Amino acid sequence: MLTVFRNSSPSSLPESSLQPGEAQLRWLRGTRQLDIMAPALRNKVASLTQKLATDREKAVALHDFVKGLPFGCMPDYSVLTASRVLKLGQGDCFAKGLLMVGMLRAAKIPARLHFFSLPSQFLRGILDLEDASIMHAMTEVQINGCWLMTDSYVPDTWLQAGAKRKLLAEGQSRGYGIHLQGARVWDGRSDASAQCSEADAASLPLADWGLADDPESFFADESHSELRRNFASRLKWRLATPLVNKRVAAIRASAARRSSSPPKA
């Protein structure tokens, strides 16, 4: 259990202000970005979960599908929807988080995004930042009445295998989008993070920004106004995206060349 993540700040719509039952409904509803009624999204969810009986089994199946999509940096999260990410077939923590939450809600499993600032060192080698932190989105999913948190779907299996090999060769614990001790799988019974480890205090969140339906509602909240990307930062991300994706593709390709079969999840 990632207990360090449990000191959550209030969400943009505190659940304590809602009537009984409304809080649960909030985490099942659609939004502009969580377009859970989109036919392609619903069809994919149905095909992945139709033979599964429990919410845990369904949630794990959806997680594994999202993890199977290649990691790819997205320069502008504001134009994304869950069905758009599904069509693109790749994403970063914001994009894959949208898809993960959207698919879970389409399967009638309560889910939400939780935003943190993480030390940026876990991106060393694919995105070298001057800033000490970077915004990160994790998914929370409710199973058997308990909220569980995961981001282990963000790095695809090939990227995680290649990144692990590079970190071991360098004697480093963080870089290339993962933590060496980070989770590679999620069992639907406990929390799982690929980007940090409670055994490594330096990798843990620097700030907890709370809960939201999607990036749009999160950044629209006035309490998060200082986190919004200005023109200069949006331009920087747009220029950096091709380089990040080129580096990620090289790591993924290197892992594939060294293995005759896909790495185990």
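Up top is the structure.
The structure presented is a predicted model; accordingly, all values stated were derived computationally and were not measured. (Residues numbered from 1 in each chain as written. Predicted model: local features only at pLDDT ≥ 70, side-chain atom pairs only at ≥ 80, totals over all residues. Heavy atoms only, no water.)

With respect to topology, four strands assemble into an open sheet ordered β3-β2-β1-β6, the strand pairing being antiparallel. Looking at strand neighbours, the two that pair on one side only are β3 (146-150) and β6 (207-212), the edges of this open sheet. For this sheet the average axis-to-axis angle between neighbouring strands, irrespective of direction, equals 30°. Direction of pairing for strand β1 (residues 111-119) relative to β6: antiparallel, over a ladder of five bridges. Note that in β6 the partner of H114 across the bridge is L211. Packing against the sheet, helix α5 (residues 93-106) makes contact with β1, β2 (133-143) and β3, and its axis sits at approximately 15° to β2. (Pairing = 2+ DSSP bridges. Helix = DSSP H or I, 4+ residues; strand = E, 2+ residues; numbered from the N terminus. Axes fitted to C-alpha atoms, helices over the stretch in contact; angles between N-to-C directions. Contact = heavy atoms within 4.5 Å.)

Counting across every chain of the model gives eight aromatic pairs. Taking 6.4 Å as the distance between ring centres and 40° as the angle between the ring planes, the aromatic pair formed by F94 and F219 counts as tilted. Highlighted residues: F94 in helix α5 and F219 in helix α7 (residues 215-220), separated in sequence by 125 residues. Here F94 matches F219 in class, with each residue buried. Relative to F219, the ring of F115 lies with its centre 6.4 Å away and its plane at 70°, an arrangement referred to as edge-to-face. Taken as a pair, F115 in strand β1 and F219 in helix α7 lie far apart in primary sequence, 104 residues in all. F115 gets classed as buried once you look at its relative accessible area, which sits at 0%. A connected cluster of aromatic rings, assembled from ring pairs, spans Y77, F94, F115, F218 and F219. For the cation-ring pair, R112 lies above W27, with the distance from its terminal atom to the ring centre recorded as 5.0 Å. (Phe/Tyr/Trp six-rings, centres within 6.5 Å; stacked < 30°, edge-to-face > 60°. Buried < 20%, exposed > 50% of the residue type's maximum accessible area, 1.4 Å probe, protein only. Lys NZ or Arg CZ within 6 Å of the ring centre and 35° of its normal.)

Turning to unusual backbone geometry, a few remarks are in order. Located in the positive-phi region is N144, a residue other than glycine, with phi close to 55°. Tracing the backbone through its elements, the reader meets N144 in the loop between β2 and β3. Relative accessible area serves as the criterion here: at 73%, N144 is assigned to the exposed category. Positive phi values are uncommon outside glycine, yet Y176 reaches one of about 60°. Looking at the element boundaries, Y176 is found in the loop between β4 (174-175) and β5 (178-179). For Y176, a relative accessible area of 7% puts it in the buried group.

As a further point, take the side chain of Q33. With respect to the secondary-structure elements, Q33 resides in the loop between α1 (22-26) and α2 (39-49). Apart from the residues lying within four places of it in its own chain, the contact partners of Q33 are Y77, S78, L80, T81, A82, L98, D214, P215 and E216.

Let us now look at the packing of α2 against α5. Taken N-terminus to C-terminus, the directions of α2 and α5 make an angle of 70°; their axes are 9 Å apart at the nearest point. Classified by the angle their axes make, α2 and α5 are roughly perpendicular. Touching L41, R42, K44, V45 and L48 of α2 are L99, G102, M103 and A106, all from α5. Looking at the contact of α2 with α5 residue by residue, the class counts come to six nonpolar, one polar and two charged. (Parallel < 35°, antiparallel > 145°, perpendicular 65-115°, else oblique. Nonpolar A, V, L, I, M, F, W, Y, C, P; charged D, E, K, R; others polar.)

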